[in-house]
Every structure is written in C-alpha cells, then in structure tokens.
Amino acid sequence: MDSGLYVVATPIGNLGDMVPRAVEVLQAADLVAAEDTRHSAPLLKHFGIDTPMLAYHDHSDQRALSRIEQCIESGGSVALISDAGTPLISDPGYRLVRHAHEQGWAVVPVPGASAAIAALSVAGLPTDRFLFEGFLPARAAGRQARLEELATETATLVFYEAPHRVLDTLGDMRDLLGEQRVAVLARELTKTFETLLRAPLAELVARVEADSNQSRGEIVLLVEGAETRSGDITPEIARMLELLSETLPPRQAAGLVADAFGLRKKLLYEHLISR
Ligand code: SAM
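So, a few notes on the structure that sits alongside this text.

The rules behind these values
Residues numbered from 1 in each chain as written. Predicted model: local features only at pLDDT ≥ 70, side-chain atom pairs only at ≥ 80, totals over all residues. Heavy atoms only, no water. Axes fitted to C-alpha atoms, helices over the stretch in contact; angles between N-to-C directions. Helix = DSSP H or I, 4+ residues; strand = E, 2+ residues; numbered from the N terminus. Parallel < 35°, antiparallel > 145°, perpendicular 65-115°, else oblique. Left-handed = near helix turned anticlockwise from the far one by under 90°. Contact = heavy atoms within 4.5 Å. Phe/Tyr/Trp six-rings, centres within 6.5 Å; stacked < 30°, edge-to-face > 60°. Buried < 20%, exposed > 50% of the residue type's maximum accessible area, 1.4 Å probe, protein only. Nonpolar A, V, L, I, M, F, W, Y, C, P; charged D, E, K, R; others polar. Pairing = 2+ DSSP bridges.

### Looking at the packing of helix H10 (residues 250-261) against helix H11 (residues 265-273)
Geometrically, a packed helix pair is captured by the angle between its two axes and the distance between the axes.
Here is step 1: Two numbers describe how H10 lies on H11: the axes approach to 8 Å, and their chain directions differ by 135 degrees. On the basis of their axis angle, the class for H10 and H11 is oblique. In this structure, H10 meets H11 at a crossing whose hand is right-handed. The residues of H11 that touch H10, namely those facing Pro 250, Arg 251, Ala 253, Ala 254, Gly 255, Val 257 and Ala 258, are Lys 265, Leu 268, Tyr 269, Leu 272 and Ile 273.

Written as structure tokens, this is what we have:
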C-alpha cells in the first residue's frame, strides 16, 4: 500500500455497513490510529484485522504524533479511525489531517457511513443545500444564542444531539425556529431500534415528551430551513431592483433595496440572479 494517512470510515451501528476497502486498508496499514483503542478492538477483531493500534485524538501528546510521523516518513501507512462513522465529522482527526498536508504526506479517504448523511438521505427534507452544525453548545444560553443565529438560515439544518439533551433542544428549536417548521428525529440509525419521527416542531416535541423511548440512543436532528419569504418582494420592489441592477452590480442593488424596505439582502440578491 502507498505510504500516507488513510482516513477510514467505520459503521455507525450495523457492522454490515463496513465497506470491503476499509477492511483491506486497515489490514494492510502499518498502524491504526484509533480515537479509543479499547472501543475499536472488537471491530478489528470481528474483521480479523491484527494491525497494531495506537490511541490518537486531537489532544494526544507529541509521542503519539511522533509515532505516526515515524511510520509515514519511513514509507509506511497509517489508518485513522474514530469510534464510529467518518473521522473528523464531530470526531477527532482534523489536526492530524492538517499536519499531514503540511508535511506533504498523501491523505487518502476511505469513505463509508456517517450519521449526518444517512439521516439526510431518509429525512425527506431538501438536500440541495444543508448546514451541518454538529453538536450545539451544551448549556441552554449558548444553545439558544446559536439557534437564534440560525433562525433565518434557509438551508436544511443538521445537528447531532446527546439523548439527555434532546428534549430541551427540541423545545428551544420550537421556540426559536418556529413551531410549524418540519423536523426529523433520526434515532439509532442502522441499529435494532432505528426510528424516524417526522413532524412540525410543536408536534415532535409533544411526541418525544409523551414517550421517553424516543430520546434514547444516538440521535440526529434535522430541521427544514427558513422560508425564503419571496412573497415579500412586491412588483414595485422587483421593478426597483431591476432598474438599479441596470447600472449597479446585483449585490449593490440588492443592498440598497434591502436598506430601503427593511428586507434581507440575500433574499433580494437571490431574486435578482434567478430572473
Ligand atoms: N463521526 C460520526 C459520523 O460520521 O457520523 C459522528 C460521531 S459523533 C461523536 C456521535 C454522534 O453522531 C451521536 O451523538 C449522534 O448524534 C450521531 N450518531 C452516531 N451514530 C448514530 C446512529 N447510528 N444513529 C443516529 N445518530 C448517530
């Protein structure tokens, strides 16, 4: 196998989702750098992989990094895995991958499962544009402040959430994003208790409140984006935008009309370029 750092996805629950190339690469590598070696040992054993493992996360000490460096600089290969899913996606690895680029090592993806993408693929929400937020701040004040910032985002929103916070987070989403927005709770994907709940936020909160099983296990929350409010662009506003855009670049025209009518510049700009 060519020398370099291989970033290898592992299943998010169902071992049948391990891709054959991941098994080959983990077996052929000289070293497996794992977020938690005790957690990953059963996975490697299950697939008959006996490559030596080293604990690595973004706060590992210099010794761990030196071992990886020695291995790759002497022509070897290191496979990076996290506890589940794709490394770096709300998981360790960013610093190592950045370091690999700085050192000029080859960095090779071995793609597979990721909970965010699995959830998006079944949520029935627009997927042409989505914003992966990962975990919101754990404390209520930080979480609410971030949700307020996201309230006008028109892309589909994707969050990871811990089971003991899910009800509070859904309540904040209902209060700050709007109770009619459709949301999806994707739980225990690929596992025995896989569940999808899809409803407007007010109803989703009530369903999770009524059945504590719905906040157990591993959870992805998805929320449809804010409406574009294209109804706010009256024919007069549209005409003014057109006139201004004959002499000004679209962004500037949109900015002037946004100031004059108290509308969002992005909405007007998108209207202009979609004509
Ligand atoms: N790197 C992983 C990935 O690619 O999805 C994510 C790691 S992050 C530390 C763990 C979070 O991912 C969980 O708290 C949960 O929000 C989500 N997650 C992981 N596995 C899941 C599953 N099987 N079903 C639903 N959500 C899952």
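Don't stop here, the text continues.
### A few points about the packing of aromatic side chains
Here is step 1: All chains considered together, the criterion is met by two aromatic pairs.
Here is step 2: Both rings, one in Phe 132 and one in Tyr 160, keep their centres 5.1 Å apart while their planes meet at 75 degrees; by these two values the pair is edge-to-face. Here Phe 132, found in strand S6 (residues 130-135), pairs with Tyr 160, found in strand S7 (residues 156-161); they are 28 residues apart in sequence, far enough to count as distant.
Here is step 3: Exposure remark for Phe 132: the relative accessible area of 31% places this residue in the partly exposed category.

### Brief notes about the packing of helix H6 (residues 140-150) against helix H7 (residues 166-177)
Here is step 1: Closest axis-to-axis distance for the H6/H7 pair is 10 Å, and the angle between their directions is 40 degrees. Judged by the inter-axis angle, H6 sits oblique to H7. At the point where H6 passes H7, the crossing takes the right-handed sense. Across the interface between the two elements, Arg 143, Gln 144, Leu 147, Glu 148 and Leu 150 of H6 pack against Asp 168, Thr 169, Asp 172, Met 173, Leu 176 and Leu 177 of H7.
Here is step 2: Grouping the constituent residues of the contact of H6 with H7 by class yields five nonpolar, two polar and four charged.

### Examining the sheet that holds strand S9 (residues 195-200)
Sheet strands pair via backbone hydrogen bonds, and the direction of the pair is either parallel or antiparallel.
Here is step 1: Sheet architecture is open: five strands sit in the order S6-S7-S10-S8-S9, paired in mixed fashion. Of all the strands in the sheet, just S6 and S9 have a single pairing partner and so form its edges. Each strand axis lies, on average, 15 degrees off the axis of its neighbour in the sheet, ignoring direction.
Here is step 2: Sheet analysis places strand S8 (residues 182-187) next to strand S10 (residues 219-223), joined by five bridges and oriented antiparallel. Of the residues in S10, the one forming a bridge with Arg 187 is Ile 219.
Here is step 3: Strands in contact with helix H8 (residues 201-210) are S8, S9 and S10; relative to S9, the strand with the most contacts, it is inclined by about 135 degrees.

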